[in-house]
Each structure stands twice: as structure tokens, then as C-alpha cells.
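Structural overview
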Amino acid sequence: MSAPHNHAGHGHGHGHDDHGHGEEGAHGSLKDYAIGFVLSVILTAIPFWLVMAKVFDKSSTTAAVILAFAAVQVVVHMVYFLHMNGKSEGGWSLLATLFTLVLLVIVLAGSIWVMYHMNLNMMPSMGTDVHDMHDMK
């Protein structure tokens, strides 16, 4: 059995932040985290206000604006909390993120398309039957 390694006294002469990444601020600073937090709060509060104050007449407009704020918030989280940029890991993390976003758009768009057509085709005569029932009263 080997003895547990004590990293505190390994004697390599480098600090915690010097891991050979070649990037300045790879772990982020308190300022970056504070900026990210403030932006996240703002990007959450504005859509909440839009819904509670009923700013837009159409719910579809409200939904589109909320989705836009959500997309911006995802970018804020990736930049300020996950520290993803074009330089980190030779751009591979950015490439993986773009691939994930493409797959996410395909899956979500396909799901919405399928649900819309299922709703439309499940009971096509239901809409006319409801109107007939109200006319009978």
C-alpha cells in the first residue's frame, strides 16, 4: 500500500493558481463572479416582471422575449461561471458547446413539432363538438 500524498508540502514551488494552463484568470476572479451574478439576477428579474406586469398582450410575444433572455443568460453562465471562451482548451470546449446547441435545437424543435401535430390530429372533431354543445343550451 502506498502512503497518501501530501500536496501541501510537495515542494514544487508553485502556487495554487499556477497549473500551467497558460491562461491568465483561468479560474475566474471575484469580480468576474460578481458580474456574472448581477447579470444573472437582472436576466431573471426582467422576464419575471414581464410576466407579472403583463407587458405584452400576446402570450406568444412574452414567450419569445423570455426565450431570448434565457439564451442570453445561458451565454452569461458559460462565460462568467464556466469560463468558456475561444481560448480555453484550444477552442474544443467552444466547439463542443456549439455541437450541443445544434443538437438541443434539433431535439426541441422536433419535440415541439411532434407535440403540435399530435394535438392537431388526436381529436380533430373535438373543436366542433364543443361548439355544438354550447349551442344546445
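You'll find the structure just up there.
Residues numbered from 1 in each chain as written. Predicted model: local features only at pLDDT ≥ 70, side-chain atom pairs only at ≥ 80, totals over all residues. Heavy atoms only, no water.

Our focus in this paragraph is the overall build of the protein. Scanning the protein for helices and strands turns up four helices and zero strands. The linear arrangement of helices and strands in the protein, starting from the amino end, is α-α-α-α. Taken over 137 residues, the protein has a buried fraction of 9%. A separation threshold of at least 6 residues defines the contact pool for the protein, and within that pool the share at least 24 residues apart is 54%. In the form shown here, the protein has an accessible surface area of approximately 11600 Å², with 70% of it arising from carbon and sulfur atoms. (Helix = DSSP H or I, 4+ residues; strand = E, 2+ residues; numbered from the N terminus. Buried < 20%, exposed > 50% of the residue type's maximum accessible area, 1.4 Å probe, protein only. Contact = heavy atoms within 4.5 Å. Areas by Shrake-Rupley, 256 points an atom, 1.4 Å probe, with all protein chains shown as cover.)

All right, on to unusual backbone geometry then. Phi angles above zero are rare outside glycine, and K54 is one such case at about 50°. In this structure, K54 sits in the loop between helix 1 (30–52) and helix 2 (59–80). Residue classification places K54 among the exposed positions, given a relative accessible area of 68%.

What follows concerns the packing of aromatic side chains. Aromatic rings in a pair are described by how distant their centres are and how their planes are angled relative to each other. Tallying each qualifying case throughout the model produces one aromatic pair. Taking the centre distance of 6.1 Å and the plane angle of 15° together, the rings of Y33 and F81 count as stacked. Taken together, the residues Y33 in helix 1 and F81 in the loop between helix 2 and helix 3 (92–122) connect sequence positions 48 residues apart. Judged by its relative accessible area of 35%, Y33 falls in the partly exposed class. On the basis of relative accessibility, which here comes to 28%, the residue F81 falls in the partly exposed class. (Phe/Tyr/Trp six-rings, centres within 6.5 Å; stacked < 30°, edge-to-face > 60°.)

Before going further, it helps to spend a moment on the side chain of Q73. Inspection of the secondary structure assignment puts Q73 in helix 2. Filtering out sequence-adjacent residues up to four positions away, Q73 remains in contact with S40, L43 and T44.

This brings us to the side chain of T97. By secondary structure assignment, the location of T97 is in helix 3. With residues up to four places along the chain from it excluded, the contact list for T97 reads M78 and M84.

Compared with an ideal rise of 1.5 Å per residue, which puts 22 residues at 32 Å, helix 2 spans 31 Å between its outermost C-alpha atoms and is within 8% of the ideal. For helix 2, the complete set of buried residues consists of T62, Q73, V76 and M78. Residues of helix 2 that are buried in the fold lie against helix 1 and helix 3. (Expected span 1.5 Å × (residues − 1).)

Let us now look at a nonpolar patch on the surface. The grouping of F37, V38, V41, I42, I46, W49, V55 and F56 at the surface amounts to a nonpolar patch, some 700 Å² of accessible area in total. Counting through the fold element by element, V38 comes out in helix 1. Here V38 falls in the partly exposed class, since its relative accessible area comes to 45%. (Patch = residues over 30% accessible without salt bridge, like charges linked within 9 Å, V, L, I, M, F, W, Y side chains within 5 Å. Salt bridge = Lys/Arg side-chain N within 4 Å of Asp/Glu carboxyl O.)

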